[in-house]
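Descriptive structure summary
Residue-level listing of the chains:
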Amino acid sequence: MKYLFILWIIVSCAHQSGSKNTSSRLSILQLVTNESSVEFNILLPRGHNYQFSVITPEGKKHLALQSQVSEFENSEWVIQNIAFTGLKYSPEVFKLHVEGALKTEEVRDFRLFSQSKESFKFAVGSCADEKHIDQGVYQQIEARKPEWIFLIGDNHYPERLPISSPEYLWKSLITARQDFSLYHMQELIPTHATWDDNDYGMNNGDKSFTHREASQHLFKVFFHPQLLEENIHKGPGIASRLMLRGMHFSFLDNRSFRDAPSSEGEHFGQEQENWFFEDLQKEALPTWIISGDQFFGGYHEFESYEGLHPQRFDQFIGRLKNIQTPFVFISGDRHLSEIMQFPRAVLGQLSFEFTTSPMHAKTYPGSVEAKPNPWRVVGVDGTNSMMFFETHLEEQSWRIKPQAVGPKGEILFERQLSLTTERLKDFEADKPKQRRYRRARWRRR
Ligand SMILES: [Fe+2]
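The sections below set out a description of the structure shown in this document. (Residues numbered from 1 in each chain as written. Predicted model: local features only at pLDDT ≥ 70, side-chain atom pairs only at ≥ 80, totals over all residues. Heavy atoms only, no water.)

Within the chain one finds ten helices and 23 strands. Across the 445 residues that make up the chain, the buried fraction comes to 57%. The contacts in the chain between residues at least 6 apart in sequence include a share of 71% that link residues at least 24 apart. Entry remark: accessible area of the chain is about 18,200 Å², with carbon and sulfur atoms responsible for 50%. (Helix = DSSP H or I, 4+ residues; strand = E, 2+ residues; numbered from the N terminus. Buried < 20%, exposed > 50% of the residue type's maximum accessible area, 1.4 Å probe, protein only. Contact = heavy atoms within 4.5 Å. Areas by Shrake-Rupley, 256 points an atom, 1.4 Å probe, with all protein chains shown as cover.)

Right, here's the structure in full:
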């Protein structure tokens, strides 16, 4: 009898990957986190009071210092942000306690984030469609324990686009928060996000969208910190930059300032590009340039900066050419995953674009071969996936190991890349201006 019982549990777990979240745990997202502070947002039923506290690894109790509730008319749910500051750093697990009227107590694990290590593990995903739900990729997150998660667009799919009112977006966001096991993990992981057209609420949406401001507001409520400003620099629209382990992660807003497709139209808009380049020039930290849709994609008919707004794209590339700071691109949206490599002639230095998609959505087997990409080094289609990165800054190189991982943990492709830099040996997070970056090389396994 005992054996039968064990078998039943294994089978029942294996079946969960294709269905909605079945955990009774609250939907919680860990937001910006550093050595001494952390913010969370929690989906809670409206009209109930909760108390939040953190227990440190030494057993000390801290109460939430700040709290903010975001509501939507007639909705029975609220998003409550809570922030804890003044925590003493430890690499050990902290506990978040939530106590309320409907539930006696819930305890979740989390860690603070130290800036001092030189290596960094993070996961990137895009395209999470409720209709194709697959918890497999989220199980890979739990197994691999990245230090951060970046959701880079189409983080949920409203049933119909364009949305007829902001209420549609609110409901779709709540549904994703309830159904994706990403938000119910026992061990929380700091997460940051940017968007694409589904999050925005308009297919192939641009700045003309009626609900632009409401959409920006709701996206920030669900994915961005509301209380803490540490490590984050907010830009135009929903753009933001994180500084993590001596690297910049620039999350661009590819919808709010976009013109309809035209050769001279804007993709990110001048204000946002100026904001982005100012950072890139002022603080020469290795930078991950992140957007929902692809940067390089002129060869296909789907959305990309190069394909939709070619003149502005050329100017954007021209500005990047004058930058000494090493940078790479991350994008999603394509419902396939690939790595592109750009020789020095294109950007003035070796660089790459990593495209990852979908976490769970419709896939198109054969699309990699059907559309040969001149810059592609490797690509995979017909499967859900996320991209896991291990990166570190060493004496004279910026090393990046991307792995595309499928929902069963299969490695779809992996590479070890190295961008060689001249003065990284002087690397220290607080001395960014002393560094210059020139040579680059590319190593393939
Ligand atoms: Fe998508």
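Let us keep going from here.
Now for the packing of helix H6 (residues 270-282) against helix H8 (residues 310-321). For the pair H6 and H8, the least separation of the axes is 11 Å and the interaxial angle reads 15 degrees. The pairing of H6 with H8 is recorded here as roughly parallel in orientation. Viewed along their axes, H6 and H8 form a crossing whose handedness is right-handed. Residue-level contacts link Gln270, Glu273, Asn274, Phe276, Phe277 and Leu280 of H6 to Arg312, Phe316, Arg319 and Leu320 of H8. Partitioned by chemical class, the residues of the contact of H6 with H8 number five nonpolar, two polar and three charged. (Axes fitted to C-alpha atoms, helices over the stretch in contact; angles between N-to-C directions. Parallel < 35°, antiparallel > 145°, perpendicular 65-115°, else oblique. Left-handed = near helix turned anticlockwise from the far one by under 90°. Nonpolar A, V, L, I, M, F, W, Y, C, P; charged D, E, K, R; others polar.)

Summarising the element assignment, His211 is placed in the loop between helix H4 (197-200) and helix H5 (212-223). Its relative accessible area of 18% is what places His211 among the buried residues. Side-chain polar atoms of His211 contact the backbone oxygen of Ser164, separated by 3.3 Å. With near-sequence residues (within four places) excluded, His211 lies in contact with Ile163, Ser164, Ser165 and Pro166. (Polar contact = N/O pair within 3.5 Å; in protein donor to acceptor, adjacent residues only side chain to side chain.)

Between its first and last C-alpha, helix H3 (residues 166-179) extends 20 Å over 14 residues, near the 20 Å set by a 1.5 Å rise per residue. Taken as a whole, H3 has its buried residues at Pro166, Leu169, Trp170, Ser172, Leu173, Ile174, Ala176, Arg177 and Asp179. Those residues of H3 hidden inside the fold are in contact with strand E1 (27-33), strand E2 (38-45), strand E5 (66-71), strand E6 (77-84), H4 and H5. (Expected span 1.5 Å × (residues − 1).)

This paragraph deals with the coordination of the iron ion. Protein coordination at the iron ion: the donors are Cys127 (SG), Asp154 (OD), Tyr157 (OH) and His335 (NE2), at 2.3 to 2.6 Å from the metal. Along the chain, the residues donating to the iron ion fall in the pattern C-x26-D-x2-Y-x177-H. In this pair, Cys127 sits in the loop between strand E9 (119-125) and helix H2 (136-144) while Asp154 sits in the loop between strand E10 (148-151) and H3, placing the two residues 27 residues apart along the sequence. Here Cys127 and Asp154 have matching classes, each one buried. (Donors = N, O, S within 2.8 Å, 3.2 Å for Na, K, Ca; no water.)

Looking now at the environment of Gln270. When you line up the elements, Gln270 lands in helix H6. Separated by 46 residues in sequence, Gln270 and Phe316 place their C-alpha atoms 9.9 Å apart. Apart from the residues lying within four places of it in its own chain, the contact partners of Gln270 are Arg312 and Arg319.

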